[in-house]
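Chain by chain, the residues run as shown.
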Amino acid sequence: MSSDRWVLRGGRVVDPSQDLDGFFDLLVEDGCVSKIEESLSAPEGCEVFDATGLVICPGLVDMHVHFREPGQEYKESIETGSRAAAAGGFTAVACMANTDPVNDKRSVTAHIVAEAERFGYARVHPIGAVSKGMAGEELAEIGEMVRAGAVAVSDDGLPVKNAELMRRALLYARHFDIPVIQHAEDLDLTGTGVMHEGEVSTRLGLPGIPGSSEDVVVARDLILTEDSGGRYHVAHLSTARSLDMVRQAKAKGMAVTCEVTPHHLLLTDETIAEMEFSSDTKMKPPLRSESDRQALLAGLVDGTIDAIASDHAPHHPDEKAVEFSCSPFGILGLETTLSLCLDRLVRSGTLTLTRLVELLSTGPARILGLEAGSLAVGRPADITVFDSERRVVIDKDHFQSKSRNTPFEGWKLQGGSVVTFVGGRKVSL
Amino acid sequence: MSWARKDLLGIAELSPEEIGLILDTAESFREVAERPIKKVPTLRGRTVINLFFEASTRTRSSFEIAEKRLSADSMNFSASSSALVKGESLIDTAMNLQAMSPDLIVIRHGFPGAPHLLARHLPAGIINAGDGAHEHPTQALLDAATIRRHKGKIEGLKVSIIGDIEHSRVVRSNIHLLTKMGAEVTVAGPYTLMPPGIEALGARVSYSLDEALDGADVVMMLRIQLERQGRMRVPSVKEYFKLFGLQAQHLARANKDVIVMHPGPMNRGVEISSEVADGPYSVILEQVENGVAVRMAVLYLLSGAQGESR
Amino acid sequence: MQGKFEPHSTLMSDAQMRRVIRRMAGEIVERNGGVEGLMLVGIRTRGVPLAERLAAEIERTEEVKLPLGILDITLYRDDLSTIGPQPVVKGSHLPEPVEDRTLVLCDDVLYTGRTVRAALDALLDYGRPRTVELAVLMDHGHRELPIQADVVGSVVQTAEEEVVEVAFEATDGADRVRLLRRVATDSGAES
């Protein structure tokens, strides 16, 4: 079993929180980082982890996952979801409130926290609902949920449609200094749409979801954020225009952040045609156009985008083995994100390794106010160690997740997770 | 050349040579319909299932006649009489049908990509008889056969397709086919029924009936179903007919030997006047006749690919 | 018929072939007591030039232009499920109704008899002719069905590994009949 004292030796330490990129040894004691020096001798009774040739970084944080518990454990559970997180190199996740029942009260929040602690594969931070039952009418008991461990609020899966409710949520959340996370979608503009509206939807004859479906909600919310002085976070931002609006809001000094998903960074609506209507290419927001994708890549580089989050959305294989139009929206992400980013964003030269760690760890930790995202002395020893050279092939049959809905099956990538430490304990699956 | 595909899912993936082969083969099959005994033993012992998830009297009966004239054993399976109302998935339905060892399955479905889903899961050859607003390959082929008989060629012709472009599978298959064969295609209709980026398929876009008819060799009118698409697109049938309904006086702008086509079923007085539908330029009934020959050709060619794969 | 074949010997020269066709034309007229009610029907592909040549001979001697039909037997073949990609269908054309006519089916070579079986089935779908006769330029045995020709140009006994190849001036540039023999090839060609 894992010990509570470790020396991680010989690895390349990349920690954007301390502007660190070099070869250091780490001493982990009592669940925290206690020393970080160029050469450390292992104290008595301390286990040594040889990290030669590996990268050591603050534990990765996926700020947007769906663990389906309570209510839909046939798709995923807190146990399997957090195993998937560990397998993908994540030490913490934030799980969305659209469970059954909805996480709109203290009891549900507390259940999620307790379950996650029982297994200990990764920290699971609940995100509470904005509205009771996610019905978009009355505010949920946000304060109660925060006391039980909620780190943000969101009705993700659905947008907060009512502008007055959004305004009040932004104001009320100020009491707890938490962000309101918006699933930005105008359901009237989405209509019966199942994919991005454009040349490809026209060719395939599938009803389209226009980019404006996201943009009009982001535009409205930014106005409300400016007036309310609240903290606003755009979940899975997917269009060039929404990104531009976030960029302008940030320039004004507003407390606005946003995340993007690996699939919106790497795939486009054309993928649906290439994969011949595979339901593993169906999610919300939909895979957008190549010009949107290029804009998102630029947003990663210029700092407009604060986090990469997977929107891990498990669905049972039977639910996905249907006509594209009938399939539920959403794909898995926890077990593919790190390899995809290392190979397609860092190896390709778009991002530095430091910037990637910022997007996958320091950035989301900062948005959610977590102690994670840093290997500074005294911080919890949540650590991810990975091999940026290792060649991997995405194989969904070996996923820890209960579900199999990924469009990345068979992708050959370079860079993969090796091991995670949570609170100083080495996680074993 | 010879036919090598297991399935006919769309026109988009076909080469001009493959399209030519189907049209030439269909030309030979037309002759069967002129004989006293309109039946050949070619597909004797082969089983074809017509799997229709949407009502379509004309396409289904056209396939059925084609199958019978080729001596295939055919069976109809329609959504209303199936387990689908009880929520059986498409794949489960298809696996059950596959257990009856059909050689070919003709599928009509309301959702794009449904035939592709079957093709991925079943060894039987799949013929797309219309999937949502995506493709309707045999309709485009029978339209091409009709055009070829009248014009002797497709290359260089000006073809205008007019109506609800957004929701039409006939338009998409026709644009693919006609542009591959060298025709110039214009699509026209109201702004509210024009899908974005249709130009990328190779068609010119117009929002005026008169402009679309200018110098046209072939005019195809599409069925308008306002009850389906809702009044957010077009306020009324009356207003649509005034903007885009084809009437005899409009045809003066077209080429003097223009032909007028319609995939059916027609709404007289909505997208086309009776005067035009029954007039000298109309080839609408010939389209139906060519439909049987084209479907015989497709069934014949695909059944050969089945034989090879076994 | 698989594998690669190479010419082995010439069975008929152009001059011999012309004489044989002339004799066949005479036999057709003679056995039918004239040309009344006759229609020649060539089976695609090499039956068609043979029918044309016979029609030309008959026209020369009898001064009557006989109706000439073309029959594509592809749709009636009994081996469609085993041969892989479907052969191209070129279509049939019979210029007049077949009811109460005497049809003379023409083909270049009579071999297993399966082509003629298919042709008979095809013809009967056009109606009920009074009589159907069969005229072939070459009969080389190996029958698999009980079918005999009424008018034969020449009979040749062939071995298993031999086939007869007929060429016509109209379609192949020269009149000629050759015996081809299978040559050893690498196994790939047999697949």
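Coordinates for the structure precede this section.
Residues numbered from 1 in each chain as written. Chains lettered and ligands numbered in written order. Predicted model: local features only at pLDDT ≥ 70, side-chain atom pairs only at ≥ 80, totals over all residues. Heavy atoms only, no water.

Caption draft 1: Here's a closer look at the overall build of chain C. In terms of helices and strands, chain C carries four helices and eight strands. The order of α-helices and β-strands along chain C, N terminus first, is β-α-β-α-β-β-α-β-β-β-α-β. Here chain C has a C-alpha radius of gyration of 17 Å; the compact-globule value for 191 residues is 16 Å, and the two agree. Scored against the burial criterion, the 191 residues of chain C give a buried share of 47%. In chain C, the proportion of contacts linking residues at least 24 apart, taken out of those at least 6 apart, comes to 71%. (Helix = DSSP H or I, 4+ residues; strand = E, 2+ residues; numbered from the N terminus. Rg over C-alpha atoms; globule rule 2.2 N^0.38 Å. Buried < 20%, exposed > 50% of the residue type's maximum accessible area, 1.4 Å probe, protein only. Contact = heavy atoms within 4.5 Å.)

Caption draft 2: Just the side chain of lysine 75 of chain A, in detail. Residue and element names in this part refer to chain A. Turning to its location among the elements, lysine 75 is positioned in the loop between strand E6 (60–65) and helix H1 (78–87). Only 2.8 Å separates the side chain of lysine 75 from the side chain of histidine 315, close enough to count as a polar contact. Polar contacts involving the side chain of lysine 75 include one to the side chain of glutamate 319, which spans 3.2 Å. Filtering out sequence-adjacent residues up to four positions away, lysine 75 remains in contact with Arg68, Pro314, His315, His316, Glu319, Lys402 and Ser403. (Polar contact = N/O pair within 3.5 Å; in protein donor to acceptor, adjacent residues only side chain to side chain.)

Caption draft 3: Quick look at the sheet that holds E6 of chain A. All names here are of chain A. Strand order in this open sheet of three strands is E6-E7-E8, and the pairing throughout is parallel. With one partner strand each, in any of the chains shown, E6 and strand E8 (123–126) form the two edges of the open sheet. Strand-to-strand twist in this sheet, taken as the mean axis angle between neighbours without regard to direction, amounts to 20°. Against the sheet, helix H14 (residues 353–368) makes contact with E6 and strand E7 (90–95), and its axis sits at roughly 55° relative to E6, the strand it touches most. (Pairing = 2+ DSSP bridges. Axes fitted to C-alpha atoms, helices over the stretch in contact; angles between N-to-C directions.)

Caption draft 4: Representation of helix H13 (residues 337–346) of chain A. Taken across its 10 residues, H13 of chain A has eight buried, putting it largely inside the fold. Taken together, the buried positions of H13 of chain A are occupied by Thr337, Leu338, Ser339, Leu340, Cys341, Leu342, Asp343 and Leu345 of chain A.

Caption draft 5: Region of the structure containing the packing of aromatic side chains. Residues and elements named next belong to chain A. By the definition in use, this model includes nine aromatic pairs over all chains. An angle of 70° between the planes, with centres 6.5 Å apart, marks the rings of tryptophan 6 and phenylalanine 49 as edge-to-face. Residue tryptophan 6 is found in strand E1 (residues 6–15), and its partner phenylalanine 49 is found in strand E4 (residues 47–50); the two are separated by 43 residues along the sequence. By relative accessible area, which is 12% here, phenylalanine 49 ends up buried. Site record: aromatic cluster; members linked through ring pairs are Trp6, Phe49 and Phe421. (Phe/Tyr/Trp six-rings, centres within 6.5 Å; stacked < 30°, edge-to-face > 60°.)

Caption draft 6: How the structure looks around the interface of chain C and chain B. On the chain B side, the residues contacting the 17 residues of chain C number 23 residues. When the two sides are added together, the surface that chain C and chain B hide from each other amounts to roughly 1,700 Å², 58% of it contributed by carbon and sulfur. Where chain C touches chain B, the interface holds zero salt bridges. Inspection of the chain C/chain B interface yields eight residue pairs in polar contact (both at pLDDT 80 or more). A breakdown of the residues in the side of chain C that touches chain B according to their chemical character gives nine nonpolar, six polar and two charged. (Buried area = accessible area lost by both parts, 1.4 Å probe. Salt bridge = Lys/Arg side-chain N within 4 Å of Asp/Glu carboxyl O. Nonpolar A, V, L, I, M, F, W, Y, C, P; charged D, E, K, R; others polar.)

Caption draft 7: Local environment of the packing of helix H4 (residues 163–172) of chain A against helix H7 (residues 212–228) of chain A. All names here are of chain A. Two numbers describe how H4 lies on H7: the axes approach to 9 Å, and their chain directions differ by 40°. Between H4 and H7, the interaxial angle falls into the category oblique. The two elements H4 and H7 cross, and the hand of that crossing is right-handed. Across the interface between the two elements, Ala163, Met166, Arg167, Leu170 and Leu171 from H4 touch Arg220, Asp221, Leu224, Thr225 and Ser228 from H7. (Parallel < 35°, antiparallel > 145°, perpendicular 65-115°, else oblique. Left-handed = near helix turned anticlockwise from the far one by under 90°.)

Caption draft 8: Quick peek at the interface of chain B and chain A. At the interface, 20 residues of chain B touch 17 residues of chain A. In total, about 1,500 Å² of surface goes out of reach between chain B and chain A, with carbon and sulfur atoms giving 65% of it. Inspection of the chain B/chain A interface yields zero salt bridges. The interface formed by chain B and chain A holds four residue pairs in polar contact (both at pLDDT 80 or more) in total. When contributions to the side of chain B that touches chain A are tallied by element, the ones reaching two or more residues are helix H3 (90–98), helix H4 (114–121) and helix H6 (169–180) of chain B. Counting residues per element, the side of chain B that touches chain A draws most heavily on H4 of chain B, at four residues. Classifying every residue of the side of chain B that touches chain A by side-chain character gives 12 nonpolar, six polar and two charged.

Caption draft 9: Fine view of the nonpolar core. In this structure, Leu141 and Val187 of chain B are the most contacted members of the largest nonpolar core, which totals 88 residues. Among the elements that take part in this core, helix H11 (residues 284–309) of chain B stands out by supplying 10 residues, more than any other. Counting 86 residues, the second largest nonpolar core, distinct from the first, contains Ala84, Leu170, Phe277 and Ile331 of chain A. (Core = buried A, V, L, I, M, F, W, Y, C linked by side-chain atoms within 4.5 Å.)

Caption draft 10: Quick look at the arrangement of the chains. For this structure, the chain pair with the highest number of contacts among two pairs of chains in contact is chains B and C. Contact between chain A and chain C is absent, and the least distance between their C-alpha atoms amounts to 25 Å.

Caption draft 11: The arrangement of helix H1 (residues 14–31) of chain C in detail. Residue and element names in this part refer to chain C. Its 18 residues give H1 an end-to-end C-alpha distance of 26 Å, which sits within 8% of 26 Å, the value for a rise of 1.5 Å per residue. Where H1 is concerned, the buried positions are Met17, Val20, Ile21, Met24, Ala25, Ile28 and Val29. Glycine 33 sits one or two positions beyond H1 and adopts a positive phi of about 60°. (Expected span 1.5 Å × (residues − 1).)

Caption draft 12: Quick look at the environment of serine 39 of chain A. Residues and elements named next belong to chain A. Following the sequence through the fold, serine 39 ends up in the loop between strand E3 (32–37) and E4. With relative accessibility at 60%, the residue serine 39 sits in the exposed group. Spatially, the C-alpha atoms of serine 39 and aspartate 227 are 52 Å apart, while their sequence positions differ by 188 residues.

Caption draft 13: Summary view of the state of the cysteines. Residue and element names in this part refer to chain A. Evaluated as defined, the whole model comprises zero disulfides over all chains. Left without a disulfide partner, cysteine 341 is nearest to the cysteine sulfur of cysteine 57, which lies 12 Å away. Residue classification places cysteine 341 among the buried positions, given a relative accessible area of 1%. (Disulfide = S-S within 2.5 Å.)

Caption draft 14: Up close: the pattern of salt bridges. Tallying each qualifying case throughout the model produces 58 salt bridges over all chains. Between aspartate 302 of chain A and arginine 247 of chain A there is a salt bridge whose closest N-O contact spans 2.9 Å. In this pair, aspartate 302 of chain A sits in helix H11 (residues 290–302) while arginine 247 of chain A sits in helix H8 (residues 240–251), placing the two residues 55 residues apart along the sequence. A relative accessible area of 45% places aspartate 302 of chain A in the partly exposed class. For glutamate 64 of chain B, the salt bridge identified is with arginine 60 of chain B, shortest N-O distance 3.7 Å. Residue glutamate 64 of chain B and its partner arginine 60 of chain B are located together in helix H2 (residues 57–69), separated by four residues, close to a single helical turn. What makes arginine 60 of chain B partly exposed here is its relative accessible area of 27%. A network of salt bridges, in which partner residues are shared, links Arg106, Glu144 and Arg147 of chain A.

Caption draft 15: Here's a closer look at the packing of H1 of chain C against helix H2 (residues 47–62) of chain C. Residues and elements named next belong to chain C. Running from N to C, H1 and H2 point in directions that differ by 65°, and their axes come no closer than 9 Å. Between H1 and H2, the crossing angle belongs to the class labelled roughly perpendicular. The two elements H1 and H2 cross, and the hand of that crossing is right-handed. Of the residues in H2, those touching H1 at Arg18, Ile21, Arg22, Met24, Ala25, Ile28 and Val29 are Leu50, Arg53, Leu54, Glu57, Ile58, Arg60 and Glu62. Of the residues belonging to the contact of H1 with H2, the class tally is eight nonpolar, no polar and six charged.

From the geometry alone we can't say anything about function, so treat these as descriptive.
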